[in-house]
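# Chains, contacts and geometry: an overview
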Amino acid sequence: MGPFPRMHSSSHPVATVEHLSSHVGQTVTLRGWVYHKTSKGKLHFVQLRDGTGTCQCVLQRAQVGEELFEAVGRAGQESSLWLAGSVRQDARAPGGYEIDVSAGSVLQAVEGYPITPKEHGVDFLMDQRHLWLRSKRPWAVLRVRDAVITALRGFFDQRGFVCVDAPIFTPNACEGTSNLFEVPYFDSKAYLTQSGQLYAEAAAMALGKVYCFGPTFRAEKSKTRRHLTEFWMLEPEMAFATLDDVLDLAEAMLCHVVQEVLRRRKSELLALERDLSKLEAIVPPFPRLTYDEAAAILAKEQGSTFRYGDDLGAPDETLLSNRYDRPVMITRYPEQVKAFYMKRDPHNPGKVLCVDVLGPEGVGEIIGGSQREEDLDILLARLAEHKLPESYFQWYLDLRRFGSVPHAGFGLGLERTVAWICGLEHVRDASPFPRTIYRLTP
RNA sequence: UCCCCGAUAGCUCAAUGGUAGAGCGUUCGGCUGUUAACCGAAAUGUUGUAGGUUCGAGCCCUACUCGGGGAGCCA
């Protein structure tokens, strides 16, 4: 590699592509990689990618000298380099700004970068995920994902929630349903968490309003565009709260996140060819249906295989969400299709105080939440009905023995949310290094 | 676990049971305004694996491997 002084070997200040507009008329240095290059005789056009964006840099043989001109000529896609030159507004340049290069150096000349600017298949690109992240679409998605995470944390911080993270190694199934990943744990076994909720409930009794946010794992052999084996979930939990508080919180949270992404990542959304009007429509109030109301709608639909009493299937959810231009909240499902800890609805026998929030545009369930059962005896009975071993849940039952209060919360799937906001076909594209049933690498 | 689809050059894809092809990328040459440039030339193959049918299989049959989409389950 060539010399790489802390910034560069020219005396010009380092700029980033993101903030080039504030440097018009100045001479600056950009450091990055060759995203694309085309040459026409004594002229090179380099699309320099610096992580914050890409900028066209123009090299004229007569201006930059033989050595640099030839070096850039030999530098293929993703060669690393720095270039210094004056910043100029130019309508012919893709980003609107252009660098007239006067100096620079190629750090590493590369040839044979696997990802060419042509079409590639999903499997090939996922094998190259460590490199694919440099391409425009993954880059834009990761920037939106970052803004979603920042907006979520800001939202809960502003409302007085305390972040209390849950363990990833757990001794047993939180809900006793899904298949878990088993891992050796010294002389015994542990399982990777499928939800931090039970721990969040404990934290809520200690701190009032809390949320946990971390990776969760499902060993289900799901093979659809909505499933990963590892994904991030944000789970708020509130003491002294009801199902209605959950609905209001989820609605405000989703609106805040979408607003923040629109404010901070508009150019990334446009790069993803996202229809912004679909996101601008995400304002309160969200439609709220009970399970019974949803069932009545499905009963009138042709081709639906839904039977009253069943959980909603994926096609049913798509059918319902397509009726609205914003997320739809479906409450009060039959107790037999939901988890043991959900509180029964006192005004609605056989139903529980729960909610599924279905994202628009067929993205599926992005939030699942409920008011929790706070009564010790009822919870014991529910554990028995679900044939769950009481001994594993003693600490959880303590929460009902010592100052039990009504409380409620939900879980938000981060990748599904990002996929929805970005308009992605598949949740795997919302994760930097997705894990699916058949993919553990890179 | 079940259903459907697929696997041919580095990549994306063609090829009636009868000589293995194209575009892009790569390499070389040309060009002072390119946007996935263009023009000319060159190199590139264990057709996923193992059997079978046939005079002859990339193509038909069987099994397997890997992958894609969907169901169930769920965020």
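Since this is a predicted model, take the numbers as computed values, not measurements.

Thresholds applied
- Residues numbered from 1 in each chain as written.
- Chains lettered and ligands numbered in written order.
- Predicted model: local features only at pLDDT ≥ 70, side-chain atom pairs only at ≥ 80, totals over all residues.
- Heavy atoms only, no water.
- Pairing = 2+ DSSP bridges.
- Helix = DSSP H or I, 4+ residues; strand = E, 2+ residues; numbered from the N terminus.
- Axes fitted to C-alpha atoms, helices over the stretch in contact; angles between N-to-C directions.
- Near = heavy atom within 4 Å.
- Polar contact = N/O pair within 3.5 Å; in protein donor to acceptor, adjacent residues only side chain to side chain.
- Nonpolar A, V, L, I, M, F, W, Y, C, P; charged D, E, K, R; others polar.
- Phe/Tyr/Trp six-rings, centres within 6.5 Å; stacked < 30°, edge-to-face > 60°.
- Buried < 20%, exposed > 50% of the residue type's maximum accessible area, 1.4 Å probe, protein only.
- Lys NZ or Arg CZ within 6 Å of the ring centre and 35° of its normal.
- Salt bridge = Lys/Arg side-chain N within 4 Å of Asp/Glu carboxyl O.
- Arc of directions from axis to C-beta.
- Parallel < 35°, antiparallel > 145°, perpendicular 65-115°, else oblique.
- Contact = heavy atoms within 4.5 Å.

Around the barrel, five strands lie side by side as 1-2-3-5-4; this closed barrel has mixed pairing. Shown here is a sheet whose adjacent strand axes are inclined to one another by a mean of 50°, direction ignored. The sheet contact formed by strand 3 (residues 54–60) and strand 5 (residues 97–108) spans three bridges and is parallel. Bridge pairing in strand 5 links Cys57 to Ile99.

What follows deals with the protein's contact with RNA strand B. The environment of RNA strand B is made up of 48 residues, and the closest members are His36, Glu98, Lys118, Arg218 and Arg225. If you look at RNA strand B and keep only atoms within 4 Å of the protein, 51% of those are sugar or phosphate atoms. In this structure, Glu365 approaches RNA strand B through a main-chain N or O atom, which is 2.7 Å from a sugar or linking oxygen. Looking at the surface near RNA strand B residue by residue, the class counts come to 12 nonpolar, 16 polar and 20 charged.

This part takes up the packing of aromatic side chains. Inspection of every chain in the model, using the stated rule, returns 14 aromatic pairs. Seen in terms of ring centroids, Phe155 and Phe156 are 5.1 Å apart; in terms of plane orientation they differ by 90°. Their pairing is edge-to-face. Overall, the relative accessible area of 2% leaves Phe155 in the buried class. For Phe156, a relative accessible area of 0% corresponds to the buried category. Between the aromatic rings of Phe156 and Phe161, the centroid separation amounts to 4.9 Å while the plane-to-plane angle is 75°, which identifies the pairing as edge-to-face. For the pair Phe156 and Phe161, one class covers both residues: buried. Taken together, Tyr199, Phe340, Tyr341, Phe393, Trp395 and Tyr396 form an aromatic cluster joined through their ring pairs. A cation over a ring is seen here: Arg400 above Tyr396, with NZ or CZ 4.2 Å from the ring centre.

Time to look at the sheet that holds strand 9 (residues 188–192). Taking strand neighbours across the sheet as the criterion, the three strands line up as 7-9-8 in an open arrangement whose pairing is antiparallel. Each edge of the sheet is formed by a strand with only one pairing partner; in this case those strands are strand 7 (169–170) and strand 8 (182–185). Where strand 7 meets strand 9, two bridges bridge the pair, whose relative direction is antiparallel. Opposite Thr170, over in strand 9, you have Tyr191 as the bridge partner.

A separate point is the pattern of salt bridges. Inspection of the entire model under this criterion finds 33 salt bridges. Close ionic contact of Glu237 with Arg372 constitutes a salt bridge, the shortest N to O distance being 2.8 Å. Here the residue Glu237 occupies a position in strand 11 (residues 230–239), and Arg372 occupies one in the loop between strand 15 (364–371) and helix 12 (376–385), the gap between them amounting to 135 residues. With respect to burial, Glu237 and Arg372 carry one shared label: buried. For Arg263, the salt bridge goes to Glu260, with nearest N and O atoms at 2.9 Å. One end of the pair, Arg263, and the other, Glu260, are both in helix 7 (residues 243–264), three residues apart, so they sit about a helical turn from each other. The buried category is assigned to Glu260, whose relative accessible area is 19%. Within the structure, one salt-bridge network assembled from shared partners comprises Arg88, Asp90, Glu98 and Asp100.

Another aspect to go through is helix 10 (residues 291–300). One full turn of an α-helix is made of 3.6 residues, so residues set three or four places apart face in the same direction. By the burial criterion, the buried members of helix 10 are Tyr291, Ala294, Ala295, Ile297 and Leu298. Along helix 10, the residues classed as buried sweep out an arc of 160° about the axis, all on the same side. Across helix 10 from its buried face, at more than 90 degrees, point the exposed residues Ala299 and Lys300.

Turning next to the packing of helix 12 against helix 13 (residues 394–401). Put simply, helix 12 and helix 13 touch, their axes get as near as 9 Å, and they point 155° apart. As judged from the angle between their axes, helix 12 and helix 13 are roughly antiparallel. Contacts between helix 12 and helix 13 involve Leu376, Leu379, Leu380 and Leu383 from the first element and Tyr396, Leu397, Arg400 and Arg401 from the second. Split by residue class, the contact of helix 12 with helix 13 holds six nonpolar, no polar and two charged.

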